[in-house]
Amino acid sequence: MGRIDVENLFSYLNQMTALKTQINHYQQKPGHKNSVFLLEKSGTDYYLMPCPLFDNTNITIPNLCHGIFYYAILVDYPHQVMVGTPCTNTFIDSTKTIEGHSSISLYRDVLYAGELEFFENKLIGWNNQSGHYRPPPEMRHTQLTPNVKRLLPEESFTDLMLIFF
């Protein structure tokens with residue numbers, strides 16, 4: 001077995017930059033254990049899991065079937081994608097929705113943030129549309145770890161607003 005070049009293997013970590021919220025005058029209500037979740041994938045289907053930011057007992061996880069979701073990749077959890085549902089997603093109970101990206105991050109720094117669109121548990125597209133963090137589209141090439149790139153494949157990226165059909 002050959003030697004692993006750890007320096008090259010993790011060189012992308014040196015290129016990552018924390019993004020701070022760009023809007024200080026408006027604080028969104030923080031998310032909670034029933035409104036912020038961890039995104040996962042099995043084959044081509046996506047699903048939600050309990051978020052590591054909260055006590056995971058007695059939570060109700062909504063079905064990830066249709067609509068727009070917000071996501072944030074926290075600096076503290078660079079290999080995971082945290083998601084929440086905006087109140088405009090009529091497929092999710094309004095008690096399980098969030099106000100925006102800083103609701104997901106609990107005002108913490110992120111590596112990237114934007115929107116995801118799903119149909120029948122499949123990812124239709126994702127973008128960098130986050131008013132609070134405003135990541136440039138090209139930052140996705142340096143800010144995403146291999147696991148995040150598995151969850152958010154490059155071929156599904158668009159720098160346009162997503163509109164559920």
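Residues numbered from 1 in each chain as written. Predicted model: local features only at pLDDT ≥ 70, side-chain atom pairs only at ≥ 80, totals over all residues. Heavy atoms only, no water.

The description of an aromatic ring pair uses the distance of the two centres, along with the angle that the planes make with each other. Applying the stated criterion across every chain, the model contains 5 aromatic pairs. Aromatic side chains Y71 and W126 sit 6.3 Å apart centroid to centroid with 70 degrees between the ring planes, which places their arrangement in the edge-to-face category. With Y71 in strand 3 (residues 67-74) and W126 in strand 7 (residues 122-126), the pair connects residues that are 55 residues apart, well separated along the chain. W126 carries the same exposure label as Y71, and that label is buried. Ring plane angle 70 degrees and centroid distance 4.8 Å describe the contact between W126 and F157, whose orientation is recorded as edge-to-face. Residue W126 is found in strand 7, and its partner F157 is found in the segment after helix 4 (146-151); the two are separated by 31 residues along the sequence. Looking at W126, the relative accessible area reads 0%, which means it is buried. Given the relative accessible area of 15%, F157 is considered buried. Aromatic rings pair up to connect Y71, Y112, W126 and F157 into one cluster. Looking at R140, its charged tip hangs above the ring of F157, at a distance of 3.9 Å from the centre. (Phe/Tyr/Trp six-rings, centres within 6.5 Å; stacked < 30°, edge-to-face > 60°. Helix = DSSP H or I, 4+ residues; strand = E, 2+ residues; numbered from the N terminus. Buried < 20%, exposed > 50% of the residue type's maximum accessible area, 1.4 Å probe, protein only. Lys NZ or Arg CZ within 6 Å of the ring centre and 35° of its normal.)

With respect to burial, strand 3 is a largely interior element, 8 of its 8 residues being buried. Bridge count between strand 3 and strand 6 (residues 110-119): 8 bridges; the pairing is antiparallel. Looking at the pairing, I73 lines up with Y112 of strand 6. Two elements, strand 3 and strand 4 (residues 82-86), share 3 bridges in a ladder whose sense is antiparallel. (Pairing = 2+ DSSP bridges.)

Phi angles above zero are rare outside glycine, and E120 is one such case at about 50 degrees. Position of E120 relative to the elements: it lies in the loop between strand 6 and strand 7. The phi angle at R134 is positive, at roughly 50 degrees, despite the residue not being glycine. Position of R134 among the secondary structure elements: in the loop between strand 7 and helix 3 (140-143).

Take the environment of K122 next. Mapped onto the elements of the fold, K122 is located in strand 7. Here K122 falls in the partly exposed class, since its relative accessible area comes to 33%. Between the C-alpha atoms of K122 and D45, which are 77 residues apart in sequence, the distance is 5.2 Å. Those residues within four positions of K122 in sequence are excluded, and the remaining contacts are T44, D45, Y46 and E117. (Contact = heavy atoms within 4.5 Å.)

As for its placement among the helices and strands, I124 is situated in strand 7. Given the relative accessible area of 40%, I124 is considered partly exposed. Through-space distance from the C-alpha of I124 to that of F157 is 9.2 Å; in sequence the pair is 33 residues apart.

This part takes up the pattern of salt bridges. Counted by the stated rule, this structure contains 4 salt bridges. Among the salt bridges present, the one from R150 reaches E40, with a minimum N-O distance of 2.9 Å. One end of the pair, R150, is in helix 4; the other, E40, is in strand 1 (residues 36-42), with 110 residues separating them in the sequence. Under the relative-accessibility criterion, R150 is labelled partly exposed at 34%. Residue E154 is joined to R140 by a salt bridge in which the shortest nitrogen-to-oxygen separation is 2.7 Å. With E154 in the segment after helix 4 and R140 in helix 3, this pair connects stretches of sequence that are 14 residues apart. The buried category is assigned to R140, whose relative accessible area is 12%. (Salt bridge = Lys/Arg side-chain N within 4 Å of Asp/Glu carboxyl O.)

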